[in-house]
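# Structure assessment
Letter by letter, the chains look like this.
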Protein chains: 2
Amino acid sequence: MEKQLEQLMAFRKEIRVVDATLRDGGLCNDFYFTDEFARALYQTNKKAGVDIMEFGYKASKDMFDESKFGPWKFCDDEAIRRIVGEKEGGPEIAVMADVGRTDFRRDILPKDESPIDMIRVACYIHQIPGAIEMIEDAKKKGYKTSCNIMAISTNQEADIRVALNLLGQSPVDVIYIVDSYGSLYPEAMERLCDVYKSVAHKYGKELGIHAHNNMQMAFANTAEACGDGINYLDATYNGMGRGAGNCAMELLLGFLRNPKYREYEVFRFIQDHIIPLKEQGVVWGYDLQYLATGLLNQHPRSAIAFTKDGRKDYGDFYHELINID
Amino acid sequence: MEKQLEQLMAFRKEIRVVDATLRDGGLCNDFYFTDEFARALYQTNKKAGVDIMEFGYKASKDMFDESKFGPWKFCDDEAIRRIVGEKEGGPEIAVMADVGRTDFRRDILPKDESPIDMIRVACYIHQIPGAIEMIEDAKKKGYKTSCNIMAISTNQEADIRVALNLLGQSPVDVIYIVDSYGSLYPEAMERLCDVYKSVAHKYGKELGIHAHNNMQMAFANTAEACGDGINYLDATYNGMGRGAGNCAMELLLGFLRNPKYREYEVFRFIQDHIIPLKEQGVVWGYDLQYLATGLLNQHPRSAIAFTKDGRKDYGDFYHELINID
């Protein structure tokens, strides 16, 4: 389907830009962002016209040791209130809840007692029933919800269709295409969008895209999905996110034509807050070890270990990956 | 036009991968590559299946001071022979000649006296007659030729059509789409490919793509053009090239399906030869100053100056660019 010129110069008011910096970027520094950083990010999102800000995970404190992570691994409502104060305008607030890693009945309070607006439930395709249980709980409590099916580049289209039909019959609001391994080219993204759209339109669901940059395609795939009619677009400042990182906010807002989005604010935040993080040694972004796992459609964990070990023997690493197969 | 699944898994034998590392990468270090580097690159291209290797510019020594540049600013035939020895298989050898900056009648020898196979003539759209003069000279001397019309993101489609028709009537072999400013999104690339193809098919010319990475679209645009039927695909190792750099060779060979291309060799060369360059302080690649000029469809010279000055005040730079307009 050819993209329409007028749609590229005009804009679609249904588009929602979602800042996932604290959440996906938190995977780069174990969520140890200062409150000053989080506050500046919230204010920047407000000024830049970003529609939704994801704070982090609602991880279970029974499963994860609080002393080993910064606050956004757990996203206590009090911690969020400390950052946003009395909300006046500004982005909606989202948190992510992983199936099997969240005490959702205990830790997710009724919406009218919480600063959170949206619960994003992340799962693998075999966990859809668990995701629907959490979505039903969150909807009953009053939240907007999404289901983010991860690592779909490893799934069969037939299985994806079954998952989408189950979600279509659930109360979920948004279904996300998540290229966790950064393994998809835009042509594949376009075909996936068609699959997701066919089910979403049937059940009246919105769709979203969350991309990784292993093959320098995070932004290209997000732009492709946007052109294909997907409305929820995830991005992070300077692409900060696990491994090769995500679609960069500065690229996405530069691409979108809605005048409410303010590119300058993104530049300013990166200048004042992201560069210092990099100078402190927090690492993310395109590099050959992530390209290798992306090309091979693998979880990036071996590439992350390569990075942590300070290795630069890319050729050897590539051979290691090939020989495992 | 929808890309065909079978074309993505199979391959098109007409595709030619062109390594432009010494030429576009040379703009990052004034062409001061060691002979050891150039030799390793040539051997890598040979092993990796790269079809054409561009060595550098045939710049006029009357206009440029030899003491201020490494050898690949001038590409003496003797310098190339020093690297390639007796050619046995391996990539074809190309050099770039800029309109108005090359003593082409003096410095480009008859092909049967030279190790060079292909002359790539670079020009802006108003220099087409000068380009055709050089192309005619090179063809008479026995070379394969291309015309690389630079910075077309600033040109009108009507002017591009006139230029293409002039080139169509010339003896040039390949016409290049060159996104010098890294300002094009894949949708725009697809439309441009249609314009170029309509003329190229009429005159029986091949087409090529040379992309820059200001908006992290160099590879995405190259893949788009490839899917649209463009056969000559420029890339550089690790994207080494002016400003934000180019389509990365490791991404392109990972994408192409012809088994003659050997991804491992690219990883190995980057490990052994590109990482040391970076450690010596040679700088290229995506960064916000290049995004800014890309978004504004400007020459990257102000962004290159920003980089050279070691500035990190991205927000101020963005404001400077906006206020100039």
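Here is a short report on the structure shown in this document. (Residues numbered from 1 in each chain as written. Chains lettered and ligands numbered in written order. Predicted model: local features only at pLDDT ≥ 70, side-chain atom pairs only at ≥ 80, totals over all residues. Heavy atoms only, no water.)

## Considerations on the relation of the copies chain A and chain B
Cut-off, in case you're wondering: Copies are brought into register by a least-squares superposition over C-alpha atoms of residues with pLDDT of at least 70 in both. Here, residues are in contact when the closest pair of their heavy atoms is within 4.5 Å.
Between the two copies, chain A and chain B, the superposition gives an RMSD of 0.0 Å; the rotation angle is 180° and the shift along the axis is 0.0 Å. Look at the turn and shift together and you get a two-fold axis relating the two. Same-surface contact between copies: 100% of interface residues of chain A are shared with the interface of chain B.

## Regarding the sheet that holds strand β7 (residues 206–211) of chain B
Residue and element names in this part refer to chain B. Our working rule: Pairing between strands is defined by DSSP: at least two bridges between them are needed. What counts as a helix is a DSSP run of H or I of at least four residues, what counts as a strand is a run of E of at least two, and both are numbered from the N terminus. Note on geometry: axes are lines fitted to C-alpha atoms, helical ones only across the stretch in contact, with angles between N-to-C directions running from 0 to 180 degrees.
Taken together, the eight strands give a closed barrel; going around it, the order is β1-β2-β3-β4-β5-β6-β7-β8, and neighbouring strands pair in parallel fashion. Here the average twist between neighbouring strands, direction ignored, is 25°. Across the sheet, helix α6 (residues 128–140) touches β3 (92–98), β4 (118–123) and β5 (144–149), and the angle it forms with β5 is around 165°. Against the sheet, helix α9 (residues 218–227) engages β6 (174–179), β7 and β8 (232–235), with an angle of about 165° to β7.

## Notes on the pairing of β5(B)
All names here are of chain B. What counts, and what does not: Each residue gets one of three labels from its accessible area relative to the maximum for its type: buried under 20%, exposed over 50%, partly exposed in between, using a 1.4 Å probe on protein chains only. We call a crossover right-handed when, viewed with the strands running away from us, the connection from the first strand over the helix to the second turns clockwise.
Judged by how many residues are buried, β5 sits mostly within the fold: five of six residues are covered. The pairing of β4 with β5 spans six bridges and is classified as parallel. When the bridges of β5 are listed, C123 appears paired with I149. On the question of chirality, the crossover connecting β4 to the parallel β5 by way of α6 is right-handed. Summarising the sheet, β5 and β6 pair through four bridges and their orientation is parallel. Counterpart to I149 in the pairing with β6 is I177. In the classification by handedness, the crossover that spans β5, the intervening helix α7 (residues 157–168) and the parallel β6 is right-handed.

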